[in-house]
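# Overview (structure and organization)
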Amino acid sequence: MSSPKLQVSRRIRATPYTPRVEALGVSEFSVVNHSILPKGYQRSVVDDYWHLKEHVQLWDVGCQRQVELLGTDAAYLAQLMTPRDLSQATVGQCLYAPLIDHEAGMLNDPIILKIAEDRYWLSIADADVLLWAKGLALGMNLQVEVHEPDIWPLAVQGPKSDELVSRILGDSVRDIRFFRFGVYSFDGHEVVVARTGFSKQGGFELYPLGNNLALSLWDTLWEAGEGLDLAPGTPNLIERIEGGLLSYGNEMTLEHNPLECNLDHYCQLDGSVDFIGRDALLRVAQSGPSRRIRGLLFGDEPAGPCRHPWAIRVHGESIGEISSVAWSPRFQRNVALGMIDRGHWNAGTQVVVVPNEHTQLNGQIMNLPFDEVDIVAGG
């Protein structure tokens, strides 16, 4: 029996790079922000994991839509949406920022790029932030234009990323600091180049404006990859979990607040910053979160994909749920991310993971990101 296929229509958008990834053997797609995201190619997730850690990959992340705030009240609106203090942000800076609602529920966790004093891009995960921002701007009569610009991000990830991108944009890209961006000329147009990306292997995210420029940029990068073992790629589940990178819609949803998601560092909790949901988040901070995301290490054989939450138990009592799991070739155990109740989230806590009613696997709670020393010590 053949695998089910995803039918792409105007409601589910292709990206400018879709013809290229199809020609390169994409095997799976998912849907993010009403757009398709490649999820695999004609190699195993383990082979992809090692390749990402050793070489360089080109990712179609056109689904990573931008919400642009432009106008006199752009900075004000951006600050209303997040508990992170944006007041000291400078042009050229990228800021990871949780977005919350009036009850402190997580709406999204974009990277905010400060393009100009009156212009911000919110590079979003999978949720309709555009509608939220438009509603706030309209309801508060703010002097700001909110729209989705014709920008199609692509990512270059892996230890050889600097070499690849410098081949087409010049050696100055090597000087871009972590979570900063520069503006470069490509084919007569400007391209924003940020040292960011959804992996721990280093690299860039590039923001070309318009379909034609996007495809030209992809092709130029691909041709420049000779001798670097360049391959098409996609966020790798194993590498993501080991690195403690959280996925909105998986590890965190509207039902979670930023403190449960270990995002305390990105929340101004002294009451000095005005944002939607401040009182609710301060109440959580006063009592402390009742649960937190932690890593888990368990099982001596691959446990399979986690398509629904897996129970985590201690002495038969449910103390949390696993949201993402993968077999780690590095540690020869299953690695996972899960929301764990207070009192049980300390590293080293012995647990039982229950993938289904017939299976129970012994494991332990781990700090994030996964540390090889901790794993060896923990057994």
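Preceding this paragraph is the structure being described.
The structure reproduced in this document is the subject of the present report. (Residues numbered from 1 in each chain as written. Predicted model: local features only at pLDDT ≥ 70, side-chain atom pairs only at ≥ 80, totals over all residues. Heavy atoms only, no water.)

### Thoughts on the overall build of the protein
Filter applied, for reference: In DSSP terms, a helix is any run of H or I states spanning at least four residues, a strand is any run of E spanning at least two, and both are numbered starting from the N terminus. It is over C-alpha atoms that the radius of gyration is taken, and the globule rule equals 2.2 Å times the number of residues to the power 0.38. The classification of residues rests on relative accessible area computed with a 1.4 Å probe and restricted to protein chains. Under 20% of the type maximum is buried, over 50% is exposed, and intermediate values are partly exposed.
When you go through the protein residue by residue, the secondary structure sums to 9 helices and 21 strands. Over its C-alpha trace the protein gives a radius of gyration of 21 Å, about what one expects of a compact globule, namely 21 Å for 379 residues. When its C-alpha atoms are laid out on the principal axes, the protein stretches across 65 × 50 × 40 Å. Counting only residues that meet the buried cut, the protein has 55% of its 379 residues in that class.

### A look at the pairing of strand E17 (residues 310–314)
Definition in use: Two strands pair if DSSP finds at least two bridges between them.
Where burial is concerned, the two faces of E17 differ: the one with Trp310, Ile312 and Val314 is buried and the one with Ala311 and Arg313 is not. Between E17 and the antiparallel strand that follows it, strand E18 (residues 317–328), lie 2 residues; His315 among them carries a positive phi value of about 55°. Judged from the 3 bridges that link them, E17 and strand E20 (residues 350–356) form a sheet pairing that is antiparallel. Note that in E20 the partner of Arg313 across the bridge is Val352.

### Section: the sheet that holds strand E16 (residues 291–298)
As a general point, the strands of a sheet are linked pairwise by backbone hydrogen bonds and lie either parallel or antiparallel. Condition: A fitted line through C-alpha atoms represents every axis, and for helices the fit uses only the stretch in contact; the resulting angles, taken between N-to-C directions, go from 0 to 180 degrees.
Read around the barrel, 6 strands follow the order E16-E19-E18-E17-E20-E21 and close on themselves; strand pairing throughout is antiparallel. Neighbouring strand axes in the sheet, compared pairwise and without regard to direction, differ in orientation by 40° on average.

### Section: the pattern of salt bridges
Keep this limit in mind: Within this document, salt bridges are pairs made up of a side-chain nitrogen of Lys or Arg and a carboxyl oxygen of Asp or Glu, the two lying within 4 Å of each other.
Counted by the stated rule, this structure contains 15 salt bridges. Close ionic contact of Lys114 with Glu117 constitutes a salt bridge, the shortest N to O distance being 3.0 Å. Among the ionic pairs, Glu251 bridges to Arg240, the shortest N-O distance being 2.8 Å. Remark: Arg240 occurs in helix H7 (residues 237–242) and Glu251 occurs in the loop between H7 and helix H8 (278–287); sequence separation between them is 11 residues. Judged by relative accessible area, Glu251 falls into the buried class, the value being 3%. For Arg240, a relative accessible area of 7% puts it in the buried group. Overlapping salt bridges bring together Glu163, Arg167, Asp171 and Arg174 as one network.

### Quick notes on the sheet that holds strand E11 (residues 154–157)
Heads up, the condition is: The contact criterion used is simple: two residues touch if any of their non-hydrogen atoms lie within 4.5 Å.
The sheet built from 6 strands is open, its strands ordered E12-E13-E14-E11-E3-E15 with mixed pairing. The open sheet is flanked by strand E12 (181–186) and strand E15 (230–233), the only strands paired with a single partner. Each strand axis lies, on average, 25° off the axis of its neighbour in the sheet, ignoring direction. In the packing of helix H5 (residues 161–169) onto the sheet, the strands contacted are strand E3 (56–60), E11, E12, strand E13 (189–194), strand E14 (203–208) and E15, and the crossing angle to E14 comes to about 35°.

### Re the state of the cysteines
This is how it is decided: Disulfides are defined as pairs of cysteine sulfur atoms found within 2.5 Å of each other.
For the coordinates displayed, the defined rule picks out 0 disulfides. Take Cys63: it sits in no disulfide, and the sulfur closest to it among the cysteines is that of Cys94, at 18 Å. Looking at Cys63, the relative accessible area reads 5%, which means it is buried. With no disulfide of its own, Cys306 has Cys261 as its nearest cysteine by sulfur position, at a separation of 16 Å.

### With respect to a nonpolar patch on the surface
As a reminder of what qualifies: Each patch is built from residues lacking any salt bridge and having more than 30% relative accessible area; the joining distance is 9 Å for like charges and 5 Å for nonpolar side chains (Val, Leu, Ile, Met, Phe, Trp, Tyr). Throughout, the Shrake-Rupley method with a 1.4 Å probe supplies accessible areas, and for residues the shown protein chains are the sole cover considered.
Side chains of Leu6, Val8 and Val31 sit close together on the surface and give an oily, nonpolar patch of about 200 Å² of accessible area. Mapped onto the elements of the fold, Leu6 is located in the segment before helix H1 (18–23).

### Here we look at the packing of H5 against helix H6 (residues 211–224)
Note the threshold: It is the rotation of the near helix from the far one that decides the hand of a crossing: anticlockwise by less than a right angle makes it left-handed, clockwise makes it right-handed. When residues are grouped by polarity, Ala, Val, Leu, Ile, Met, Phe, Trp, Tyr, Cys and Pro land in nonpolar, Asp, Glu, Lys and Arg in charged, and all others, Gly among them, in polar.
In contact at an axis separation of 9 Å, H5 and H6 are set at 115° when each is read in the N-to-C sense. At the point where H5 passes H6, the crossing takes the right-handed sense. Of H6, the residues touching H5 (which contributes Leu164, Val165, Arg167 and Ile168) are Leu217, Thr220, Leu221 and Ala224. Across the contact of H5 with H6, the residue classes tally to 6 nonpolar, 1 polar and 1 charged.

### Concerning the packing of aromatic side chains
Operational definition: Aromatic pairs are defined between Phe, Tyr and Trp rings, using the six-membered ring for Trp, whenever the two ring centres lie within 6.5 Å; interplanar angles under 30 degrees are classed as stacked, those over 60 as edge-to-face, and all others as tilted. For a ring to carry a charge above it, either NZ of a lysine or CZ of an arginine must fall within 6 Å of the ring centroid while also lying within 35 degrees of the normal to the ring plane.
For the coordinates displayed, the defined rule picks out 6 aromatic pairs. Seen from their ring centres, Tyr96 and Tyr266 are 5.1 Å apart, and the 70° between their planes marks the pair as edge-to-face. A residue pair is termed long-range when its members are at least 10 positions apart, and Tyr96 in strand E5 (residues 94–96) and Tyr266 in the loop between H7 and H8 qualify at 170 residues. We classify Tyr96 as buried; its relative accessible area is 16%. Judged by its relative accessible area of 24%, Tyr266 falls in the partly exposed class. Taking NZ or CZ as reference, Arg65 lies 4.0 Å from the ring centre of Trp152, over its face. The ring of Trp345 has Arg292 sitting right over it, with the charged end atom 5.8 Å from the ring centre.

### Topic: unusual backbone geometry
It is generally the case that most residues other than glycine have a negative phi and that most peptide bonds are trans. Here the residue pair Leu368 and Pro369 is connected by a cis peptide bond, since its omega of -5° sits within 30 degrees of zero. You will see that Gln332, though not glycine, has its phi angle at about 55°, which is positive. Mapping Gln332 onto the fold places it in the loop between E18 and strand E19 (333–341).

### Brief notes about H5
Where burial is concerned, most of H5 is hidden: 7 out of the 9 residues are buried. Those residues of H5 that sit buried are Ser161, Asp162, Leu164, Val165, Ser166, Ile168 and Leu169.

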